[in-house]
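# Structural overview for review
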Amino acid sequence: MRAYYFDNLPGDQRLPHDFNPSRPVDPDTLQSIKVESWYIPVEGHEDKLDGVAKERDYRNRDVIEISKNGLGDIYEEKLKGFYKEHIHEDEEIRYILQGGGFFDVRQAPSDQWIRLAVSAGDLLVIPAGIYHRFTVDERNLTRTVRLFKDEPKWSAIYRGTESESNPHRIEYIKSISVAA
Ligand code: KMT
Ligand code: NI
C-alpha cells in the first residue's frame, strides 16, 4: 500500500491525484490517525487472513467485486456513493484480492485528504469515526473481502451536522488527540 497526500485537483477520481513531486505519508502519521495495514500475498492467504480475523474478532465476511462486470447497471451509481465522504460506526476492514483502488482518509485536525493506494494483497483497517471515501482506480476493478465484527451490515453516515455529533466520531477524535 502506498500513502500520499491527495492533490485536491479536479479531474477523474480514478486517476492517482498524486502531487508532483509526490508528498508521501509516513507510517507514524498513519498510526496517529489509527489506520492500519498489512500485506498478505494473495497466493495462500487464507490461513493468515483467518488468523487476523480470529485475533481481532472479525466473525463474518463476504466478497464484493466492484466492477462493471460485478455490479452491472448500478456500477457508476455505486462508485459515486462510495466516493461521498462518510463515516461508519464500525471499523472498515478490506482485504484486496484483485485489482485495486484508492481509500481517501481525512487527517484530523487539518482535514487534508490522505490517499491510500491499495492493490491485491493489501489488508486495510480504517477506524470507526474517520471520514473517508473510496474509488476504483484506472483498472476499474476491486475484488475485495469485507470483514465484519458482526452481521454483514454496512451503513454509511455522510458528512454533515449529524456525523459531527455521532458518538463514534466524537470517540475517534478523542482517541487520536490522546495518542498524539
Ligand atoms: C466503504 O464503505 O467505503 C466501502 O465499502 C467501499 C467499498 S469496499 C472497497
Ligand atoms: Ni466506508
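Residues numbered from 1 in each chain as written. Chains lettered and ligands numbered in written order. Predicted model: local features only at pLDDT ≥ 70, side-chain atom pairs only at ≥ 80, totals over all residues. Heavy atoms only, no water.

### Concerning the overall build of the chain
Assigned secondary structure in the chain consists of six helices and 10 strands. Viewed in the frame of its principal axes, the chain has a C-alpha envelope of about 40 × 40 × 30 Å. Sorting the 180 residues of the chain into buried and exposed places 46% on the buried side. In the chain, of all internal contacts separated by at least 6 residues, the share reaching a separation of at least 24 is 76%. When the accessible surface of the chain is split by element, carbon and sulfur atoms take 50% of a total near 9,800 Å². If you average the places of the 25 positive and of the 32 negative side-chain charges in the chain, the two averages end up 2 Å apart. (Helix = DSSP H or I, 4+ residues; strand = E, 2+ residues; numbered from the N terminus. Buried < 20%, exposed > 50% of the residue type's maximum accessible area, 1.4 Å probe, protein only. Contact = heavy atoms within 4.5 Å. Areas by Shrake-Rupley, 256 points an atom, 1.4 Å probe, with all protein chains shown as cover. Lys, Arg positive; Asp, Glu negative; His and termini not counted. Charge placed at Lys NZ, Arg CZ, Asp CG, Glu CD.)

### So, the nonpolar core
Leu30, Ile33, Val35, Ile66, Val105, Ile114 and Leu116 are the most contacted members of the largest nonpolar core, which has 24 residues in total. Mapped by element, the contributors of at least two residues to this core are strand E1 (2-5), strand E3 (60-66), helix H4 (75-82), strand E5 (92-107), strand E6 (112-119), strand E7 (122-126), strand E8 (132-136) and helix H6 (167-179). In this view, Val35 contacts Leu30, Val105, Leu116, Leu124, Val125, Pro127 and Ile130; residues no more than four positions away in its chain are not counted. One finds Ala53, Ile93, Val125 and Val145 within the second-largest nonpolar core, a separate group that totals 12 residues. (Core = buried A, V, L, I, M, F, W, Y, C linked by side-chain atoms within 4.5 Å.)

### Details of the UniProt feature "binding site: Ni(2+)" (unreviewed entry) in the chain
With numbering aligned to this structure, UniProt lists the feature "binding site: Ni(2+)" (unreviewed entry) at His86, His88, Glu92 and His132. In terms of the greatest pairwise C-alpha distance, the residues named above, spread along 47 residues, form a tight cluster of at most 11.5 Å across. Among the structural elements, His86 can be located in strand E4 (residues 86-87). Judged by relative accessible area, which is 6%, His86 ranks as buried. When residues no more than four places from it in sequence are discounted, the contact partners of His86 are Glu92, Ile130, Tyr131, His132, Arg133, Ala156, Ile157, Tyr158 and Arg159. One can find His88 in the loop between E4 and E5. When near neighbours in sequence (up to four residues on either side) are disregarded, His88 contacts Ala128, Gly129, His132, Trp154, Ser155, Ala156 and His168. (UniProt positions renumbered as here; feature names shortened; annotations may be inferred.)

### Here we look at the site of ligand 1
Around ligand 1, a shell composed of Ile66, Phe82, His86, His88, Glu92, Arg94, Phe103, His132, Phe134, Thr144 and Trp154 is seen. At a separation of 3.2 Å, an oxygen atom of ligand 1 approaches a polar side-chain atom of His86. Glu92 places a side-chain nitrogen or oxygen 2.9 Å from an oxygen atom of ligand 1. Expressed as a share of its isolated accessible area of 300 Å², the protein-covered part of ligand 1 is 98%. Counting only elements with at least two residues in the shell around ligand 1, the list comes to E5 and E8. (Near = heavy atom within 4 Å. Polar contact = N/O pair within 3.5 Å; in protein donor to acceptor, adjacent residues only side chain to side chain.)

### Here we look at the coordination of the nickel ion (ligand 2)
All of the protein donors around the nickel ion (ligand 2) are His86 (NE2), His88 (NE2), Glu92 (OE) and His132 (NE2); their distances to the metal are 2.0 to 2.2 Å. Every donor counted, the six donor atoms about the nickel ion (ligand 2) form angles of 56 to 169 degrees at the centre, which fits irregular coordination. One chain supplies every donor for the nickel ion (ligand 2), spaced along it as H-x1-H-x3-E-x39-H. Separated by 46 residues along the polypeptide, His86 in strand E4 and His132 in strand E8 bring together distant segments of the chain. An identical accessibility class is assigned to His86 and His132; each is buried. (Donors = N, O, S within 2.8 Å, 3.2 Å for Na, K, Ca; no water. Tetrahedral: all angles 85-135°; square planar, octahedral: opposite > 155°, others 65-115°.)

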